[in-house]
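These are the residues of each chain, in order.
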Amino acid sequence: MGAGVLQPIVAKALFPMPKPARYKPELPQLVWIPTEHKTRIPCSFFHQPLATHLVIYCHGNASDLGTIYYETQGLSNFLNVHLLAVEYPGYGLYEGTPSEDQINLDLEGVFHFVTTVLKCPPIRVVLFGRSLGTGPCCRLAAKLEQDDIKLGGLILQSPFTSILDAARNISSAAGLVMQDYWENSKHIKKVICPLLLVHGKKDRVIPHTMSTELYHTCPSKRKRLLLSVTASHNSFHLFYDLVKPISRFLQDFIETKNSQCRPFNLTMPKELYVAGNSFSVHCFSFSRSRSNSDAGLSRTTSETTSPVSPRRATSPVSLRRGSSQRFGSSQRFARRDRAVSDDRHRRGRSKPMNPASGRIGCI
């Protein structure tokens, strides 16, 4: 009885949606994906002409499409992938009430739309979940394996073994007032597609030991666990903690395994867009690093909202002075990657990443 009375409070704590929404209907790249259940899901779609894969991104529980706009845009630009970020019910412009079942259903609907309407092969799709988003992504990956559908890969940033385990890490009394959600430790046992887990050792919300446990539980032979010694749950370096390990993961486990992995054009139907001339998004401040060799993309949040022109928003995230060009080719990316890593290693700022596949390493 007491637990039932507390469920609305638990749900509010589990889904602390930003209010008001951090974006407007005129947001560039905003599309409304139709599903079989007669719902239209707002999503951000970033297109790359030479992309070989599509990343479906599920954000954390305290974000919406506006707060992650520049982050997802930067990932799409630097990794040279199509990226589709999915909104949750009750978040942003998506009306409704967030729940585990509805979020799972929406992600399945988006995946079905991508593979049937847009004709994107499932082997070209990579699921990417962060924090809360790791739950629906891990569940869908396990479900696709059961249905004998080969998924391109699964990326989990700051994952949990289950929501209940993560809540108990904050308060031991959580088990008395809440039920369990998204049991990743159970679903990961069915995942055999390429797997990348990224976690910060300074994470106080979800301990990095949960990623280690998921890594050892997953039966996939193509898996990798990377632990950042500087990242926390809400503060991480976009280049060194995400772009760099994900790029190597794609090259080592996905792109090289498929010799026919050629660029493909993914065109979203025009009727799914909402045209506009201006928009406002929740802004991020990308602070410069102390080292001249760093890319200067440390991610910190700012609760201010300011208007940004569509022309500026569609440009890639800027690097440090004199290096604002986009990584247009993998060769240029590899040269810069090696130069930056060598320089950081000489200065003693970081340990070299172990290129061996399937090993646990630290960034």
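This text goes with the structure placed above it.
These lines cover the structure that appears in this document, whether it is placed above or below. (Residues numbered from 1 in each chain as written. Predicted model: local features only at pLDDT ≥ 70, side-chain atom pairs only at ≥ 80, totals over all residues. Heavy atoms only, no water.)

## A few points about the pattern of salt bridges
Point 1. Applying the stated criterion to the full structure yields four salt bridges.
Point 2. For K143, the salt bridge identified is with D147, shortest N-O distance 3.3 Å.
Point 3. Looking at K143, the relative accessible area reads 32%, which means it is partly exposed.
Point 4. In this structure, R224 engages D252 in a salt bridge whose closest nitrogen and oxygen atoms are separated by 3.2 Å. Pair noted here: R224 is in strand β8 (residues 223–228) and D252 is in helix α9 (residues 238–255), with a separation of 28 residues, a long-range link.
Point 5. Overall, R224 belongs to the buried group, its relative accessible area being 3%.
Point 6. On the basis of relative accessibility, which here comes to 31%, the residue D252 falls in the partly exposed class. (Salt bridge = Lys/Arg side-chain N within 4 Å of Asp/Glu carboxyl O. Buried < 20%, exposed > 50% of the residue type's maximum accessible area, 1.4 Å probe, protein only. Helix = DSSP H or I, 4+ residues; strand = E, 2+ residues; numbered from the N terminus.)

## Topic: the packing of helix α2 (residues 69–79) against α9
Axes are the key here: two packed helices are described by the angle between their axes and the distance separating the axes.
Point 1. Where α2 meets α9, the axes come as close as 10 Å, and the angle between the chain directions of the two elements is 45°. Considering their axes alone, α2 and α9 lie oblique with respect to each other. α9 is crossed by α2, and the crossing has right-handed handedness. For the pair α2 and α9, contact is made by E71, L75, F78 and L79 and by L238, L242, V243, I246 and S247, respectively. (Axes fitted to C-alpha atoms, helices over the stretch in contact; angles between N-to-C directions. Parallel < 35°, antiparallel > 145°, perpendicular 65-115°, else oblique. Left-handed = near helix turned anticlockwise from the far one by under 90°. Contact = heavy atoms within 4.5 Å.)

## Observations regarding empty space enclosed by the protein
Point 1. Counted according to the given criterion, the structure contains two cavities of 30 Å³ or more.
Point 2. Within this model, the largest cavity holds a volume of roughly 70 Å³.
Point 3. Lining the largest cavity are Q157, S158, V198, H199, G200, S228, A231, S232, H233, F236, D241 and L242.
Point 4. Listed by contribution, the elements that provide at least two residues to the lining of the largest cavity are β7 (195–200) and α9.
Point 5. Tallying contributions element by element places β7 first for the lining of the largest cavity, with three residues.
Point 6. Split by residue class, the lining of the largest cavity holds four nonpolar, seven polar and one charged.
Point 7. Taken together, V55, L75, L79, V81, L83, F128, I155 and I246 form the lining of the second largest cavity.
Point 8. Class assignment of the residues belonging to the lining of the second largest cavity gives a composition of eight nonpolar, no polar and no charged. (1 Å grid on protein atoms, 1.4 Å probe; cavity = no way out; pocket = protein on both sides within 12 Å on 5 of 7 lines; lining within 4 Å. Points joined across faces, edges and corners; volume = space filled by probe spheres on them. Nonpolar A, V, L, I, M, F, W, Y, C, P; charged D, E, K, R; others polar.)

## Let's talk about the side chain of S220
Point 1. Along the chain, S220 turns up in the loop between α8 (209–217) and β8.
Point 2. A relative accessible area of 3% means that S220 is categorised as buried.
Point 3. Looking at S220, its side chain comes within polar contact range of the main-chain oxygen of C193, at 3.0 Å.
Point 4. When residues no more than four places from it in sequence are discounted, the contact partners of S220 are V191, I192, C193 and P194. (Polar contact = N/O pair within 3.5 Å; in protein donor to acceptor, adjacent residues only side chain to side chain.)

## Considerations on the environment of T116
Point 1. Assignment of secondary structure puts T116 in helix α3 (residues 100–116).
Point 2. A polar contact of 2.4 Å, which involves the side chain of T116, links it to the backbone oxygen of H112.

## Focus: the pairing of β8
Point 1. Of all six residues in β8, six are buried, a share of seventy percent or more.
Point 2. Going residue by residue along β8, you find K223, L225 and L227 tucked away on one face and R224, L226 and S228 tucked away on the opposite face as well.
Point 3. Where β7 meets β8, six bridges bridge the pair, whose relative direction is parallel. Looking at β8, one finds that L195 is bridged to K223.
Point 4. What joins β7 to β8 is α8, and the crossover it makes is right-handed. (Pairing = 2+ DSSP bridges. Right-handed = clockwise from strand over helix to strand, strands pointing away.)

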